[in-house]
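Spelled out, the chains give:
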Amino acid sequence: MTKEAVHLTTDVLVVGAGAAGMYAAVSAARGGADVVLVDKSLIGRGGATIMAQMTVAAAVGHEAPDDWTRHYEDTIAAGRGLCDERLAAILCEEAVDRILELDEWKVGWARENGHMKQVTAPGHSVPRCVYVDFLNTGPSVARCLRGRVAQTDGIARISGVAIVDLVVRDGAVSGAVGFNLEDGAPVTIAANAVVLAGGGLTGIYRRNSASANMGGHAYALALRAGAELIDMEFVQFFPIGHLAPRLVGMDPIMWDPFRYKLGGRLLNGDFEEFIHNYGAEDSGKYTAPRDVTSFAIVRENEAGRGSPHGGAWLSFEHVPETELRAAFGPVIEKLLANGIDLTKQAIEVSPIAHYHMGGVRVDERMETNVAGLYAAGEAVGGANGANRLSGNALPEAFVFGERAGRFAAADVRGQTPAWAARDASAALATLAARSDGRTETSPDAYTHHAIAAELRALMWEKVGLIRTDDSLGTALSRIRELQSELEAAPAAGAAAYDMSLADWFDLRDSLQTAEAVTLAARSRRESRGAHWREDFQETDPALEENQTVALSADGMVTGWQPVGRR
Amino acid sequence: MNDIEKEHVSLRVQRGGPDDNLHFDTFELPFEPGASVLDALIEIRRNIDPTLAVRYSCVSANACRECMVRIDGEVDYACTARLTGGTMTIEPLAKKRLIRDLVTDIVPPKEQLASVVAARKQET
Ligand SMILES: Cc1cc2nc3c(=O)[nH]c(=O)nc-3n(C[C@H](O)[C@H](O)[C@H](O)COP(=O)(O)OP(=O)(O)OC[C@H]3O[C@@H](n4cnc5c(N)ncnc54)[C@H](O)[C@@H]3O)c2cc1C
């Protein structure tokens, strides 16, 4: 396989082409910049965006009177004291503009009597959440933005290139190093501004709603470039993710609207209701907070009262078929095609890792502490604090993407490239060593998958819903051992589309991100929002601060800093 | 289908790239009710042969539409096609350029690295 190194020069490089990256590319091009948009998967298909099926929150006030400040209040309340108020305000105010802009771009928000339909998702004080029927929000958003990117002059789109490191010169970003998945060829891209839009990290947990490309890449790229992360301990678990029987072609978090509309009964392995034993009223109302529901399911399993696959039963058997069909139309057929007849059987659900509140630390221009390095979308931390409102993630991707692209373009106007080849040599050397082609990857010598599986189990069991100093300490030392094991793992062969090369770099990022989550979780000795410490169950007012994580010469370090106020 | 047949499934998977002698490898897997063809291919990569090349992203949501292959001759998504008992034959798409194993070139022409490089050379 010949590998011809490729070098490109642009003004703004956008890493990751989900909603945030595509929006950033469009807005940077609108700002007059030359843009390169890369994704390791296909443009607009690789991440969470295309998988989202539910709703998008924005105070457009079509359904009922609303104002962005009310959306802001709800967001702050959910964030349990840790939202960066400046980022949260930007998110709620500009979500309105972005939802209207996407409407102009014909995304297809569901309408009724000429106005956009809005529903009340949990935690919102008014019907505020727009959507695309039926359960088609993410695919429509992805299609719309893909089209927009294609129509906008000045954007070069590249599918199938994975970025493995950013390149920094004198404290400012100057480009990135990656490789072409098809032939393993190194790719270097000179750019005085880089927007990190590589999505979240939930793929590092055993039970998750992630695609194959959500292993915490943006966070690790940022750390290695010298940028700070914030709130890494706050991983959101969705309480009733689908567990069994095997369900394909559907969002694993789809049971939420079913429960809200129809009131499904949540039962333990003995087919008894149990949420009321954990201090919440649920029976018949289904209003128990998400965290209580999650913990209750985990506890029932610890007590040996889980469902067969280690979750809880969710039953709609008491709901007449006519009601089921009226509420969910074609979805009922899709379930039947999966062999699931809700009138005759209960399904199994479990908490699953679903979203990451923390992420790359940015200012109001979406810039990190590394000059020229911006972040957008789920990769950004701060706006949602210790917990995220449902429907706030897609607007975050739109709003922060638009801003990152806009400010990045303004930033680089008239600059000459700062790129110097020698700054990329370390990253290129690692890439070469990892793909030297001499070693035929024999299945036995190939340890990547074993390491990845162990990491996912470790994060699930020790850095998951219930954390203690012990569990976090154990996880931390094991993660560091796994990092050494990965260093020692064999290099990839020389075959075309050698996924073992991508596996290795993916896993390097995942281990580093996992270390950041675990370290931050260990030093937050309180419980707050999505972070539950069994050994520190109270919320400590003195810890109403954000935690940062950075890479120093001695390894990863955490710090505290006051919450950003308006 | 009787129970004995159901316990195992054999996947005949086409291997190799455009310059190789194309051949089939057969993998024996336990049959999990409800499991998809993609589940089985991922299982092969994880536990039997990590060098198998297959393209997928969203894993089973049928959202990304990247995992299209031929299953017993019919074009289908590996993530929504269910495993049946017995032997199943998995081949790459016939009408797309073969890269290796089950991976074909489904990248839209304008999103190809090579075409971006060529376009930028022309500009300068
Ligand atoms: C199943 C599911 C349902 C959801 N439902 C909702 C909902 O109803 N409402 C809501 O508001 N939110 C929802 N969310 C959350 C929301 O979808 C995400 O937070 C949001 O889409 C993130 O957008 P993004 O652009 O930041 O990242 P993504 O859409 O994840 O895109 C990131 C991209 O970066 C690429 N990438 C990563 N690393 C690299 C690299 N090193 N080099 C090149 N490319 C790279 C990936 O391939 C991917 O394409 C849901 C999430 C999931 C998983």
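Nothing here was measured: the structure is a model prediction, and the numbers come from that model.

As for the sheet that holds strand β3 (residues 68-71) of chain B
All names here are of chain B.
Piece 1. Here we have five strands laid out as an open sheet, ordered β2-β1-β5-β3-β4, and mixed in their pairing. Where the open sheet ends on each side, the last strands, each with one partner, are β2 (23-30) and β4 (74-77). Across the sheet, the mean angle from the axis of one strand to that of its neighbour is 35 degrees, orientation sign disregarded.
Piece 2. Pairing geometry for β3 and strand β5 (residues 86-91), over two bridges, is antiparallel.

Points about the state of the cysteines
All names here are of chain B.
Piece 1. In the structure shown here, the tally under the stated rule is zero disulfides over all chains.
Piece 2. Cys64 provides the cysteine sulfur closest to Cys58, a residue in no disulfide bond, and the two sulfurs are 3.8 Å apart.
Piece 3. On the accessibility criterion, Cys58 (3% relative accessible area) is buried.
Piece 4. Cys79 carries a free sulfur, and the closest cysteine sulfur to it, the one in Cys67, is 3.9 Å from it.
Piece 5. A residue is classified by how much of its surface remains accessible, and Cys79, at 2% relative accessible area, is buried.

A closer look at the interface of chain B and chain A
Piece 1. Taken together, the 40 residues of chain B in the interface contact 44 residues of chain A.
Piece 2. The junction of chain B with chain A conceals about 3400 Å² of combined surface from both sides, 56% of it contributed by carbon and sulfur atoms.
Piece 3. When residues of chain B are sorted by the area they lose upon contact with chain A, Glu111, Leu113 and Arg120 of chain B head the list and together hold 21% of the total.
Piece 4. One can count five salt bridges joining chain B with chain A.
Piece 5. Note that Asp39 of chain B and Arg246 of chain A form a salt bridge whose closest N and O atoms lie 2.5 Å from each other.
Piece 6. Summed over the shared surface of chain B and chain A, the result is 16 residue pairs in polar contact (both at pLDDT 80 or more).
Piece 7. At the level of secondary structure, the elements contributing two or more residues to the side of chain B that touches chain A comprise α2 (37-47), β6 (98-100) and α3 (113-123) of chain B.
Piece 8. Counting residues per element, the side of chain B that touches chain A draws most heavily on α3 of chain B, which supplies four residues.
Piece 9. Its residues assigned to classes, the side of chain B that touches chain A comprises 20 nonpolar, eight polar and twelve charged.

Observations regarding the site of the ligand
All names here are of chain A.
Piece 1. Within the structure, the ligand sits among 37 residues, and Asp39, Ala48, Thr49, Thr55 and Glu378 are positioned closest to it.
Piece 2. With respect to the ligand, the backbone of Ala19 contributes an N or O atom lying 3.1 Å from an oxygen atom.
Piece 3. One nitrogen or oxygen atom from the main chain of Ile163 is found 2.9 Å from a nitrogen atom belonging to the ligand.
Piece 4. Here the ligand has 1000 Å² of accessible area as a free molecule, and 99% of this is covered by the chains.
Piece 5. When contributions to the shell around the ligand are tallied by element, the ones reaching two or more residues are α1 (19-30), β8 (161-169), β15 (347-356) and α9 (393-412).
Piece 6. Of the residues assigned to the shell around the ligand, the class counts are 17 nonpolar, 15 polar and five charged.

Regarding the environment of Phe27 of chain B
Residue and element names in this part refer to chain B.
Piece 1. Tracing the chain through its elements places Phe27 in strand β2.
Piece 2. Judged by its relative accessible area of 6%, Phe27 falls in the buried class.
Piece 3. Considering only alpha carbons, one finds Phe27 and Glu7, 20 residues apart in sequence, at a separation of 14 Å.
Piece 4. The residues touching Phe27, leaving out its near neighbours within four places in the chain, are Val9, Ser10, Leu11, Val13, Arg15, Ile44, Ile48 and Asp49.

Remarks on the packing of α1 of chain A against α9 of chain A
Between two packed helices, what matters for the description is the angle formed by their axes and the separation of those axes.
All names here are of chain A.
Piece 1. For the pair α1 and α9, the least separation of the axes is 7 Å and the interaxial angle reads 35 degrees. Remark: the crossing between α1 and α9 carries right-handed chirality. Facing Ala19, Ala20, Tyr23, Ala24, Ser27, Ala28 and Arg30 of α1, the residues of α9 in contact are Ala397, Phe398, Gly401, Glu402, Gly405, Arg406 and Ala409.
Piece 2. Residues belonging to the contact of α1 with α9 are distributed by class as follows: eight nonpolar, three polar and three charged.

A look at the pairing of strand β10 (residues 186-196) of chain A
All names here are of chain A.
Piece 1. Most of β10 sits out of view: ten of its eleven residues are buried.
Piece 2. Bridge count between strand β1 (residues 6-15) and β10: nine bridges; the pairing is parallel. From the neighbouring strand, Val12 faces β10, where its bridge partner is Ala193.
Piece 3. Here strand β9 (residues 172-180) runs beside β10; their pairing, made up of five bridges, is antiparallel. When the bridges of β10 are listed, Val177 appears paired with Thr188.
Piece 4. Linking β9 back to β10 in an antiparallel pair, the connection comprises five residues, with Gly184 at a positive phi of about 75 degrees.
Piece 5. By the bridge criterion, three bridges tie β10 to strand β17 (residues 373-375) in an arrangement that is parallel. By the bridge assignment, Leu196 is partnered in β17 with Ala375.

Digging into the domain arrangement of chain A
Residues and elements named next belong to chain A.
Piece 1. Taken domain by domain, chain A holds domain 1 (241-351) and domain 2 (437-543 + 555-562).
Piece 2. Interface area, domain 1 with domain 2, both sides summed: about 550 Å², of which 70% is carbon and sulfur.
Piece 3. A per-residue breakdown of the area domain 1 buries against domain 2 is headed by Phe295, Arg299 and Pro351, which together make up 72% of the total.
Piece 4. Our count for the domain 1 to domain 2 interface comes out at one salt bridge.
Piece 5. Glu534 is the salt-bridge partner of Arg299, the closest N and O atoms lying 2.8 Å from each other.
Piece 6. Counting across the domain 1 and domain 2 interface gives one residue pair in polar contact (both at pLDDT 80 or more).

Looking at the nonpolar core
Piece 1. Ranked by internal contacts, the top residues of the largest apolar core, which has 179 residues, are Trp109, Leu166, Tyr205, Phe398 and Phe400 of chain A together with Leu11 and Leu41 of chain B.
Piece 2. A total of 13 residues in this core trace back to one element, the largest contributor, which is helix α13 (residues 499-523) of chain A.
Piece 3. With sequence-adjacent residues up to four places away left out, Trp109 of chain A is seen in contact with Val56, Ile99, Leu102, Asp103, Met116, Val130, Tyr131, Val132, Thr137 and Val141 of chain A.
Piece 4. Counting 31 residues, the second-largest nonpolar core is a separate cluster that includes Met250, Phe328, Leu335 and Ile347 of chain A.

Describing the sheet that holds strand β12 (residues 235-244) of chain A
Residue and element names in this part refer to chain A.
Piece 1. Within the open sheet, the four strands sit side by side as β12-β15-β14-β13. Their pairing is antiparallel. The open sheet has two edge strands with one neighbour each: β12 and β13 (265-267). Recorded for the sheet is a direction-independent mean angle of 40 degrees between the axes of neighbouring strands.
Piece 2. Docked against the sheet, helix α7 (residues 290-302) engages β12, β13, β14 (312-315) and β15, running at close to 55 degrees with respect to β12.

Considerations on the side chain of Thr293 of chain A
Piece 1. Here Thr293 of chain A shows up in helix α7.
Piece 2. Exposure remark for Thr293 of chain A: the relative accessible area of 3% places this residue in the buried category.

Considering the pairing of β15 of chain A
Residue and element names in this part refer to chain A.
Piece 1. In terms of residue burial, β15 counts as a mostly covered element, since ten of its ten residues are buried.
Piece 2. For β12 and β15, the ladder comprises seven bridges, and the chain directions are antiparallel. Within the sheet, the bridge partner assigned to Phe238 lies in β15 and is Ile352.
Piece 3. As paired strands, β14 and β15 are joined by three bridges and run antiparallel to one another. Across the sheet, Trp313 pairs through a bridge with Glu348, a residue of β15.

The rules behind these values
- Residues numbered from 1 in each chain as written.
- Chains lettered and ligands numbered in written order.
- Predicted model: local features only at pLDDT ≥ 70, side-chain atom pairs only at ≥ 80, totals over all residues.
- Heavy atoms only, no water.
- Pairing = 2+ DSSP bridges.
- Helix = DSSP H or I, 4+ residues; strand = E, 2+ residues; numbered from the N terminus.
- Axes fitted to C-alpha atoms, helices over the stretch in contact; angles between N-to-C directions.
- Disulfide = S-S within 2.5 Å.
- Buried < 20%, exposed > 50% of the residue type's maximum accessible area, 1.4 Å probe, protein only.
- Contact = heavy atoms within 4.5 Å.
- Buried area = accessible area lost by both parts, 1.4 Å probe.
- Salt bridge = Lys/Arg side-chain N within 4 Å of Asp/Glu carboxyl O.
- Polar contact = N/O pair within 3.5 Å; in protein donor to acceptor, adjacent residues only side chain to side chain.
- Nonpolar A, V, L, I, M, F, W, Y, C, P; charged D, E, K, R; others polar.
- Near = heavy atom within 4 Å.
- Areas by Shrake-Rupley, 256 points an atom, 1.4 Å probe, with all protein chains shown as cover.
- Left-handed = near helix turned anticlockwise from the far one by under 90°.
- Domains from an automatic or database assignment.
- Core = buried A, V, L, I, M, F, W, Y, C linked by side-chain atoms within 4.5 Å.

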